[in-house]
Amino acid sequence: MAAVPEIPARCVIWFGQPLAAERTALAAAGWQVRGVATDGAVAIGMRGNDLVVGLLDLRSVAPSHLTHLQAVLDQHRHLRVLAILPAGAAAVHPQWQPLLACCTETFSAPLDVSRLVQRLQELGDEQQLQPPSGAQALIGESPALQVTRAALRKFAPVELPVLITGETGTGKELAAHALHALSSRHARPFLAVNCGAIPAALVQSELFGHERGAFTGAANRRLGLFETASGGTVFLDEIGDLPLDAQTNLLRVLQEGTIERVGSNQPLAVDVRVIAATHVDLEQAVERGQFRRDLFYRLNVLRLPLPALRDRGSDITLLAEHFLASFRQRHVTRARGFSSEALQAMQQFRWPGNVRELLNRVQRAAIVSEAELITVADLELEPEGIEVPQRLLHDVRQAAERDALLRALRQNDFNITACARTMQVSRVTVYRLCRKHQLALPELR
Ligand SMILES: Nc1ncnc2c1ncn2[C@@H]1O[C@H](COP(=O)(O)OP(=O)(O)OP(=O)(O)O)[C@@H](O)[C@H]1O
Ligand SMILES: [Mg+2]
């Protein structure tokens, strides 16, 4: 059975023992309470939009536990911690001082639970208004996604262009946002444009601007995307659709850092970082003469391939749980989780539309679900047509996987890194698949 996420979407880590009434009030407001012994070990992991708040209950902490608690809070500096002081503790005990320095606010006993709940809700709303940016916006713990996240962190501070590749719905735009958010340009604009969506005749003017009278209808000077994004990042989505003349001008931006507005031959310096994304194979477009080779080389220095969802293992469950939890925060639904068959079906599905498709199916299922657990039917993942025996299906899949692996290995002269890139999985996965299919690399080479 797939792993259940460790921490629910809204959770209070209570260092100490809440009273029954306090636990009930928090539960009624949608907060799960996880009591932690004040001398016990605790590992607090957070994902995506999860909201986890620590509550340091000094009403019941033994003085001998204070040093241990201090160490725990030091290890979890990212955690927002509120404190409850014992009744009558007008003056703060000197021993508590370092602990309270880790807390953002304090409540005095007797605890006004409704005030605490209200404060927690405010914190929750604040966080929802500011969805996480940066690498943690990409939810997932699979080896394939860890590789992506590590590359993202490495590429973000470098001023070079990044080429994000991956099937539709794998999170290319999300990754572009994350790159910007993690870069020194984060306080400057992030402007995205879908190169395929602008009429070819307007692309140049859209990207580089135009002078007054540059063409019929150009009544005023207009700044293009590159000038407007000054100091920030331009995200060129579907770069494969960029017309050839605009490709030439983009090459100039990358090589010389200058643009020319349409209707002017005055070069203007621009300070922008370019991030591009494509779901088509640009190498093939280069071979067909549809994409400039020199531009491709310039863009391809830092390449960020996003793995297909089907290669992310239990991330599928993690994402599904996350999408359901955030749906539940915004809408009323009976659905609280997934049946084990639904989890299994999601795990086995090929997800041609990747994360976007998962998001859509989960939201739809949450709307139509009549029970607390979302079923295979709610997700519309029932096998169609004639029932193929599971065993046969399994064998066919295994054979296809082995073929794909062998093909990718041969194509890349048994270079694991290149093979991993072709397959859009991690190198670890390539090694794992070789072991699974009993392919002895040294012999094959
Ligand atoms: N790892 C992830 N964690 C959480 N949400 C994700 C993740 N990856 C993608 N999403 C969500 O899935 C949806 C699709 O992502 P996005 O638009 O970035 O994909 P894309 O690769 O740009 O798709 P397309 O190729 O169709 O343009 C978005 O709602 C995005 O927030
Ligand atoms: Mg996109």
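Fair warning: this is a prediction, and the values are worked out from it, not measured in the lab.

Draft legend 1. Layout of the environment of Arg261. Position of Arg261 relative to the elements: it lies in the loop between strand 9 (258–259) and strand 10 (268–269). The class for Arg261 is buried, based on a relative accessible area of 9%. Arg261 sits 38 residues away from Leu223 along the chain, and the two C-alpha atoms are 7.9 Å apart. The residues touching Arg261, leaving out its near neighbours within four places in the chain, are Phe208, Gly209, His210, Glu211, Arg221, Arg222, Leu223, Glu227 and Leu268. At a separation of 2.9 Å, a polar atom in the side chain of Arg261 contacts the side chain of Glu211. A distance of 2.9 Å separates the side chain of Arg261 from the side chain of Glu227, its partner in a polar contact.

Draft legend 2. The arrangement of unusual backbone geometry in detail. Of the consecutive residues Ala109 and Pro110, the connecting peptide bond is found in the cis state with omega at -5°. Its location among the elements puts Pro110 in the loop between strand 5 (105–108) and helix 4 (113–129). A positive phi angle is found at Asp413, which is not glycine, with a value near 50°. Along the chain, Asp413 falls in the loop between helix 15 (390–411) and helix 16 (416–423).

Draft legend 3. View of the nonpolar core. Formed by 31 residues in total, the largest nonpolar core has its most connected members in Leu207, Phe226, Leu236, Ile239, Leu250 and Phe291. Elements supplying a minimum of two residues to this core: helix 7 (200–208), helix 8 (225–228), strand 8 (233–237), helix 9 (244–256), strand 11 (273–278), helix 10 (282–287) and helix 11 (293–299). Ranked by residue count, the leading element in this core is helix 9, at five residues. For Leu207, the residues in contact, after removing those within four places along its chain, are Val193, Gly224, Leu225, Phe226, Leu236 and Leu242. Ranked by size, the runner-up nonpolar core spans 25 residues in total, among them Ile139, Ile316, Leu343 and Leu381.

Draft legend 4. Spatial organisation of the side chain of Lys172. Here Lys172 lies in helix 6 (residues 172–181). One buried charged side chain, Lys172, makes no salt bridge at all; its nearest oppositely charged neighbour is Glu238, positioned 5.4 Å away. Only 3.1 Å separates the side chain of Lys172 from the backbone oxygen of Gly166, close enough to count as a polar contact.

Draft legend 5. Seen up close, the domain arrangement of the chain. For the chain, the assigned domains are domain 1 (10–129), domain 2 (135–305), domain 3 (312–374) and domain 4 (390–444). Here the C-alpha centre of domain 2 lies 44 Å away from the C-alpha centre of domain 1.

Draft legend 6. Spatial organisation of the sheet that holds strand 2 (residues 32–36). Spatially, five strands are ordered 2-1-3-4-5 in an open sheet, and the strand pairing comes out parallel. Every interior strand has two partners, whereas the edge strands, strand 2 and strand 5, have only one. Each adjacent strand pair in this sheet contributes to an overall mean axis angle of 25°, direction not counted. Across five bridges, strand 1 (residues 10–15) lies against strand 2 in parallel orientation. In the sheet register, Trp14 faces strand 2, and the bridge partner there is Gly35.

Draft legend 7. View of the side chain of Glu357. Following the sequence through the fold, Glu357 ends up in helix 14 (residues 354–368). There is a polar contact of 2.7 Å between the side chain of Glu357 and the backbone nitrogen of Gly353. If sequence neighbours within four positions are ignored, Glu357 has contacts with Phe349, Trp351 and Pro352.

Draft legend 8. Summary view of the site of ligand 1. By nearness alone, 16 residues border ligand 1, and Ile139, Thr168, Gly169, Lys172 and Arg356 come closest of all. One of the backbone nitrogen or oxygen atoms of Leu174 is found 3.0 Å away from an oxygen atom of ligand 1. Taken by itself ligand 1 offers 640 Å² of open surface, and the protein chains cover 82% of this. Within the residue set of the shell around ligand 1, elements represented by two or more residues are helix 6, helix 12 (315–330) and helix 14.

Calculation criteria
Residues numbered from 1 in each chain as written. Chains lettered and ligands numbered in written order. Predicted model: local features only at pLDDT ≥ 70, side-chain atom pairs only at ≥ 80, totals over all residues. Heavy atoms only, no water. Helix = DSSP H or I, 4+ residues; strand = E, 2+ residues; numbered from the N terminus. Buried < 20%, exposed > 50% of the residue type's maximum accessible area, 1.4 Å probe, protein only. Contact = heavy atoms within 4.5 Å. Polar contact = N/O pair within 3.5 Å; in protein donor to acceptor, adjacent residues only side chain to side chain. Core = buried A, V, L, I, M, F, W, Y, C linked by side-chain atoms within 4.5 Å. Lys, Arg positive; Asp, Glu negative; His and termini not counted. Salt bridge = Lys/Arg side-chain N within 4 Å of Asp/Glu carboxyl O. Domains from an automatic or database assignment. Pairing = 2+ DSSP bridges. Axes fitted to C-alpha atoms, helices over the stretch in contact; angles between N-to-C directions. Near = heavy atom within 4 Å. Areas by Shrake-Rupley, 256 points an atom, 1.4 Å probe, with all protein chains shown as cover.

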